[in-house]
Amino acid sequence: LSQLLIKKPNEPPLVFHWFPLVGNTVTYGMDPFKFFFENQAKYGNVFTFVLLGRKMTVCLDTTGNNFILNGKIKDVNAEEIYNPLTGPVFGKDVVYDCPNSKLMEQKKFVKFGLTQEALRSYVDLITAETEDFIKGHKAFKGEKGIFDIPEVLSQLTIYTASRALQGQEVRNMFNDKFAALFHDLDMGFSPINFQLNWFPLPHNRARDNARETMIKLYSDIVRKRRSGETKKESPDMIWHLMDCKYKDGTQIPDHEIAGIMIALLMAGQHSSASTISWVLLRLASRPELVEELYAEQQQALGDHLPTLSHDDLPKLPLHAQVVKETLRLHAPIHSIMRKVKQPLVVDGTNYVVPAGRTLMSSPGVSAQMGSYFPNPSVWDPHRWDAENTKFEETEDDEKIDYGWGVVSKGTNSPYLPFGAGRHRCIGEQFAYVQLQTILVAFVREFKIRNVGGSRDIVGTDYASLFSKPLTPGTAEWERRSKA
Ligand code: HEM
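So, here's what we can say about the structure. What you see is a predicted model; the values in this text were computed from it and never measured. (Residues numbered from 1 in each chain as written. Predicted model: local features only at pLDDT ≥ 70, side-chain atom pairs only at ≥ 80, totals over all residues. Heavy atoms only, no water.)

### Details of a nonpolar patch on the surface
On the surface, a cluster of nonpolar side chains totalling about 880 Å² of accessible area is made up of Phe16, Trp18, Phe19, Leu21, Val22, Val26 and Met30. Mapped onto the elements of the fold, Phe19 is located in the loop between α1 (2–5) and α2 (25–30). (Patch = residues over 30% accessible without salt bridge, like charges linked within 9 Å, V, L, I, M, F, W, Y side chains within 5 Å. Areas by Shrake-Rupley, 256 points an atom, 1.4 Å probe, with all protein chains shown as cover. Salt bridge = Lys/Arg side-chain N within 4 Å of Asp/Glu carboxyl O. Helix = DSSP H or I, 4+ residues; strand = E, 2+ residues; numbered from the N terminus.)

### What about the nonpolar core?
Counting residues in each nonpolar core, the largest one holds 142 residues, and the members touching the most others are Phe36, Tyr122, Leu153, Tyr218, Leu283 and Phe442. Here this core takes 16 residues from helix α14 (residues 254–285), the largest share from any one element. (Core = buried A, V, L, I, M, F, W, Y, C linked by side-chain atoms within 4.5 Å. Buried < 20%, exposed > 50% of the residue type's maximum accessible area, 1.4 Å probe, protein only.)

### Describing the coordination of the iron atom of the ligand
For the iron atom of the ligand, the protein supplies a single donor, Cys425 (SG), at a distance of 2.3 Å. Here Cys425 is to be found in the loop between β10 (406–408) and α19 (428–445). (Donors = N, O, S within 2.8 Å, 3.2 Å for Na, K, Ca; no water.)

### Quick notes on the sheet that holds strand β8 (residues 358–361)
Strand order in the open sheet formed by five strands is β1-β2-β8-β5-β3, with mixed pairing between adjacent strands. The sheet is open, and its two borders are formed by β1 (46–51) and β3 (76–77), each paired with just one other strand. Across four bridges, the pairing between strand β5 (residues 336–340) and β8 is antiparallel. If you follow Met337 over to β8, its bridge partner there is Met360. Strand contacts of helix α3 (residues 32–43): β1, β2 (54–59) and β8, with the helix running at about 135° to β1, the strand carrying the most contacts. (Pairing = 2+ DSSP bridges. Contact = heavy atoms within 4.5 Å. Axes fitted to C-alpha atoms, helices over the stretch in contact; angles between N-to-C directions.)

### Quick look at the packing of aromatic side chains
Aromatic rings considered in pairs are described by the distance between their centres and by the relative angle of their planes. Applying the stated criterion to the full structure yields 27 aromatic pairs. Pairing Phe16 with Trp18 gives two aromatic rings, centres 5.2 Å apart and planes at 80°, and the pair type is edge-to-face. Overall, the relative accessible area of 54% leaves Phe16 in the exposed class. When its relative accessible area of 71% is taken as the criterion, Trp18 is described as exposed. Arranged with centres 5.2 Å apart and planes meeting at 65°, the rings of Phe109 and Tyr246 form a pair that is edge-to-face. Remark: Tyr246 occurs in the loop between α13 (237–243) and α14 and Phe109 occurs in helix α6 (residues 100–113); sequence separation between them is 137 residues. An identical accessibility class is assigned to Phe109 and Tyr246; each is buried. Among the aromatic residues, those joined into a ring-pair cluster are Tyr28, Phe33, Phe35, Phe36, Phe49 and Tyr462. For Arg171, the ring lying beneath its charged end belongs to Tyr159, and the centroid distance is 4.3 Å. (Phe/Tyr/Trp six-rings, centres within 6.5 Å; stacked < 30°, edge-to-face > 60°. Lys NZ or Arg CZ within 6 Å of the ring centre and 35° of its normal.)

### A short note on the sheet that holds strand β14 (residues 474–479)
Pairing within the open sheet is antiparallel, and its three strands lie in the order β4-β14-β11. On the outer flanks of this sheet lie β4 (144–148) and β11 (446–450), each paired with one strand and no other. On average, each strand axis in the sheet is inclined to that of its neighbour by 30°, with strand direction left out of account. Here β4 runs beside β14; their pairing, made up of five bridges, is antiparallel. When the sheet's bridge partners are listed, Asp148 is paired in β14 with Thr474. Helix-sheet contacts for helix α8 (residues 149–166) involve β4 and β14, and the interaxial angle to β4 is about 80°.

Put into structure tokens, the structure is as follows:
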């Protein structure tokens, strides 16, 4: 208790709170960005607050992003923070349930599996899946209607991601047992699990059963493929992982292939479903932009709009900018955490944080600062017209090779929706392919606008590690006449 009440010399300022255990949990939990901006105004870029009795030191702006995300492995650690939550969902020996060097190898396997050839085939699969989905969905009967964007798009995201990345067998199972398993497993990421990961919550048993069943299902798929019973129709991540070897020459064991696939399913689903929902919600509030996107497709691909291919995506820059701008305001991961391994001086300050402290980074804050983005709260995909590469890593940046990829050693970019450093996302290209392909299909098929034509936008649900739009988020659709 005394540790919570007494501010040590040289420690970052402590955000005011009435009750030591509750601390700032409620204000942070309701709207982390509002909380970060208010305290940034009061205390500067570095401050400490109390989340469920635990001290968190937040480091904001580009210096703070860099300090935490590019921290050295001897200084900061991700797995000790994340594994109590992710371990029981992904299973043993993968991601944060293993030494960081093993995670780096696993990231390499996945990154190298996302080849141009694979991404090319994913555009075809995702397009076909989206068209089938729209044709078969009860919300899209007739010529016009309304739909709940987050609900419908979260279904579509999981179908498209599983068809492309996870392969045919998993996609086929999604119509029945896999969806229920996914739901039970996903309960492991509910807010209460994050807050009380030590507590035997009633739904943990369903989560553990679902994980074990899923691991068996994936292992079965691998066995049937290895024995030749299942033939290869198109590349997917399971085929790729079956061929990979660790540096010591060993194959990836079946339960690890299963764990990696579960991790990809979860990581991709929550972030991509939230992003594509925000994309359509934002567009529904600015229907003139939907028409601009349609015009972009006609201009770049011809009035008859041929089936989309991977080569077409670079010809549609406004589509990419819509995704990019949406990620600026609605980065699905609002808080990134690391545990301090030894006392550290926070970059750009005299503050010292002790070993054991949790550091919190939020690149979503720098992405919403007026000093980098004029009128930061305005969603405007055209702001990237002139600034397309302004915040990208440059050739001159000092680089570092993590085994799975070469990225800037330090980054001054205020725009980091995919993180930075050794834990940086490896799903960025896949996410862009998936999101743009779905966007192209929706814009071709429908005109979309908010019910009654309002320009309002729904609020954000920040209760979990991944934020998402509050539901319902309904919009009107009208089928385009096919000339
Ligand atoms: C890591 C964002 C999609 C797989 C991350 C991180 C961020 C992020 C911010 C860094 C987390 C940290 O430093 O603690 C996003 C966003 C996505 C997206 C915004 C979509 C719009 C995906 C997809 C996949 C994926 C589709 C899988 C195919 C991963 C993996 C990591 C990661 C494996 C590495 C975790 C680590 O090294 O600790 N992502 N992600 N992500 N993401 Fe993504």
